Amino acid sequence: MSIFNRVPILRWIVPAAATALVIGGGALVANSPADASPPLAPRSAAQLLVDIQQASVTGLSGTVVQSSDLGLPTLPGLGLGGDPGSANLTSLLAGTHTLRLWYAGPHQLRVAVLGSLGESDVIRNGNDLWTWSSKDNTATHRTLSSDEPGSSEKSDSTDRQPGSGVLPAISGMTPQQAADAALAAISPSTKVTTDGSAEVAGRSAYELVLTPKTAGSLVAQVRIAVDATEHIPLRVQVFATGQPTPAIQVAFSAVDFNRPDAAQFAFNPPPGATVTEQDSSKPSAADRAKERKAATSKAAGELGAPKIVGSGWSTVLVMDASSGLGALTGRPGPAKSSDASPSPSPTAQPPGAALGGILTALPKVSGSWGSGHLLRSKLFSAVITDNGKIAVGAVAPDLLYTALSQ
Amino acid sequence: MSTVELPAGGAAPIGLRRPRPVSSRFLRSELRLIFGRRRNIAGLAVLALVPIIIAVAVKVSAPRPGDGPDFFASITGNGLFVPLAALTVEITLFLPLAIAVIAGDSIAGEANLGTLRYLLTVPVNRTRLLAVKYAAITIFAVAATMLITVVGLVIGVALFHGGSMTLLSGNQIGFGGGLLRVLGATVYLAVQLAALGAIGLFLSSLTEQPIAAMAGLVVMTVVMYILDSIPQLGWLGPWLLTHRFTAFGDLLRSPVAWDTLRQGVICAASYALIFWLASWARFAGKDITS
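One structure accompanies this document, and this report is about it. (Residues numbered from 1 in each chain as written. Chains lettered and ligands numbered in written order. Predicted model: local features only at pLDDT ≥ 70, side-chain atom pairs only at ≥ 80, totals over all residues. Heavy atoms only, no water.)

On a plain count of helices and strands, chain A comes out with 10 helices and 18 strands. In chain A, the proportion of contacts linking residues at least 24 apart, taken out of those at least 6 apart, comes to 56%. In the form shown here, chain A has an accessible surface area of approximately 18800 Å², with 58% of it arising from carbon and sulfur atoms. (Helix = DSSP H or I, 4+ residues; strand = E, 2+ residues; numbered from the N terminus. Contact = heavy atoms within 4.5 Å. Areas by Shrake-Rupley, 256 points an atom, 1.4 Å probe, with all protein chains shown as cover.)

Rendered as structure tokens:
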């Protein structure tokens, strides 16, 4: 104390040291998964892929944090980043979102999307499929028939999340699903390596690294951390070129491989909630496939058959949308009125309708290929030309222009 | 104001007998000051009025589901949501404002009235003075949040029925469990406000104008809210005190999601520690001129 009395300015060392300690400690906690490299026996990429295929997890519960930093422009009508605390299932496009996951075999699954003061749940318990939204105080119930995905189709890989066909909005968001999507893209165009080992949610994991061989892609790397003992993906990161932080990351922040209590999958709509009983005959797998096919062919009819330019990771899709331009510019078109989806969720909207309102807000570009509007993000670009052509790809805009002029 | 503090030092009539360092007399006199001032009582009355207004308004016109701010639609189902709705409404401005008034007044108010030097000429250690002042702010934070909760519970259960509570996850728990979670949310918010109070204590040690310290804390709170809402500054969010104010909602999940709550408490404790030490560094070396 005496030194503090003689030189009072030295007192400020104490709060400064506390600040440094807290910030340093906080940063250490935040970055520890990346720093720690627990020693694991080396494992080849092929071995890891087999491990993933053979993984059999009977139950798990955990917290998944999904964050997107696509660098999309702020546009009206998309709702991107508008409400970061929103528990809406379709708001996963931007920002950081937290999901809680309970899984006990393909017939018991619960996913909860956490909002700041709300929650959206999807619960599958046997043949019952419930969705719950605390903001609206609504629940929907659907009785699944036995040919639903998750009962027959997924029997070979029990670790898959069931209900993926029912809720496309969240199925792509769990590490397992995101990894499946990335692995499906593996082709001769991709270099698959393993890179050391990582620690995710306090567990040791191998990292599978997918690097595009083709030049020109905006995707620099896809890294998948695979649990060393349970062999399920714990983290998926998609890096854009020239970016030190992942553009998309889906990772467990906590995971427990004990089978969750059966009570966790029981759902009874609370009194006062609006419960919608959905027709169990209509959304059978065959019907929905038919529906989807009809919707796809309708969309394809409007947009024209896509032309594929390039290959692998630098593929560019060029579509002729001149006939469906009514939908694109927001004018009422045939696509809107005939939306077959039972619940009017924004994901069920044709993409053109969502694009229409924001088209004019996009920067204008022009070149020898013509002129149009450019949507640019860290992972993909899209050009909508004034004569109704759309070019999309995980590439820089230059490659889109080249594809358009072909 | 100065007369009540005197007993703290008055207990040393004989040379060897010094006041016990843990004597609560100073703290008790401080609390008497805070809860005895008419403006503070009026402020607490305003805080307590909010749950009453909410409950009556909802009773008169039941909002449709999905309408209104958080928890409002749930009130008709269970009176336990009245305190939650009131806390959600008040945590944005009213509660930080109340803490700003108390914390901003703590040092600067005494300095402004000229009572600070009398307080210090009584053998009150400056560190102890800061500790007592901060303890009183913390107790006020607990009292203010508890007041809202208790008033909300009473009016909520009186106007709407109690019974089972529907959690955010859609599950139902009994009234006792629901009550426990509401009290947990109250304590969590009190901890957050106490951290805000530490910032206020520091600002109060910087100036002799209590209004400046009060305004400073309100401005800091609003600035933190603004910074937290800018998407481009998303990396900054977890470091801001206000970022996890609404995490008390995690107590209403099944099972309780502790992660954010734990981070919120750690964040609040860090803020409290740093700003208390900063006010110590400032105040212990400060010349008391008034």
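Now, onward.
A few words now on a nonpolar patch on the surface. Residue and element names in this part refer to chain B. The grouping of Val46, Leu93, Phe94, Leu97, Val222, Ile226 and Ile230 at the surface amounts to a nonpolar patch, some 530 Å² of accessible area in total. Elements with a minimum of two residues in the nonpolar patch: helix H7 (94-106) and helix H12 (210-229). Turning to its location among the elements, Leu97 is positioned in helix H7. (Patch = residues over 30% accessible without salt bridge, like charges linked within 9 Å, V, L, I, M, F, W, Y side chains within 5 Å. Salt bridge = Lys/Arg side-chain N within 4 Å of Asp/Glu carboxyl O.)

Attention now goes to the interface of chain B and chain A. Contacts between the two partners involve 35 residues from chain B, matched on the other side by 36 residues from chain A. Note on chain B versus chain A: buried area summed over both sides is about 2600 Å², and carbon and sulfur give 61% of it. The tally of links between chain B and chain A comes to 1 salt bridge. Here Arg253 of chain B and Glu119 of chain A are joined by a salt bridge, their closest N and O atoms 2.8 Å apart. (Buried area = accessible area lost by both parts, 1.4 Å probe.)

When the terminal C-alpha atoms of helix H10 (residues 126-159) of chain B are compared, their 49 Å separation across 34 residues agrees well with the 50 Å that a helix rising 1.5 Å per residue should span. Capping the start of H10 of chain B is the job of one residue whose side-chain oxygen sits 2.7 Å from the backbone nitrogen of Thr127 of chain B: Asn125 of chain B. (Expected span 1.5 Å × (residues − 1). Polar contact = N/O pair within 3.5 Å; in protein donor to acceptor, adjacent residues only side chain to side chain.)

Ranked by size, the top nonpolar core spans 93 residues in total, and within it Phe71, Leu84, Leu129, Met165, Ile199 and Leu241 of chain B carry the most contacts. Tallying contributions element by element places helix H13 (residues 258-284) of chain B first for this core, with 14 residues. Met165 of chain B has contacts with Asn78, Leu80, Phe81, Leu84, Asn171, Gln172, Ile173, Gly178, Val182 and Leu252 of chain B, leaving out every residue within four places of it along the chain. Judged by nonpolar contacts, the second largest core, of 19 residues, contains Ala55, Leu60, Val113 and Phe252 of chain A. (Core = buried A, V, L, I, M, F, W, Y, C linked by side-chain atoms within 4.5 Å. Buried < 20%, exposed > 50% of the residue type's maximum accessible area, 1.4 Å probe, protein only.)

Before going further, it helps to spend a moment on the packing of H7 of chain B against H10 of chain B. All names here are of chain B. Between H7 and H10, whose axes approach to 10 Å, the crossing angle comes to 155°. On the basis of the axis angle, H7 is roughly antiparallel to H10. Here H7 runs over H10; the crossing is right-handed. Across from Leu95, Ala98, Ile99, Ile102, Ala103 and Ser106 in H7, the residues of H10 making contact are Lys133, Ile137, Phe140, Ala141, Ala144, Thr145 and Ile148. Residue composition of the contact of H7 with H10, by class: 10 nonpolar, 2 polar and 1 charged. (Axes fitted to C-alpha atoms, helices over the stretch in contact; angles between N-to-C directions. Parallel < 35°, antiparallel > 145°, perpendicular 65-115°, else oblique. Left-handed = near helix turned anticlockwise from the far one by under 90°. Nonpolar A, V, L, I, M, F, W, Y, C, P; charged D, E, K, R; others polar.)

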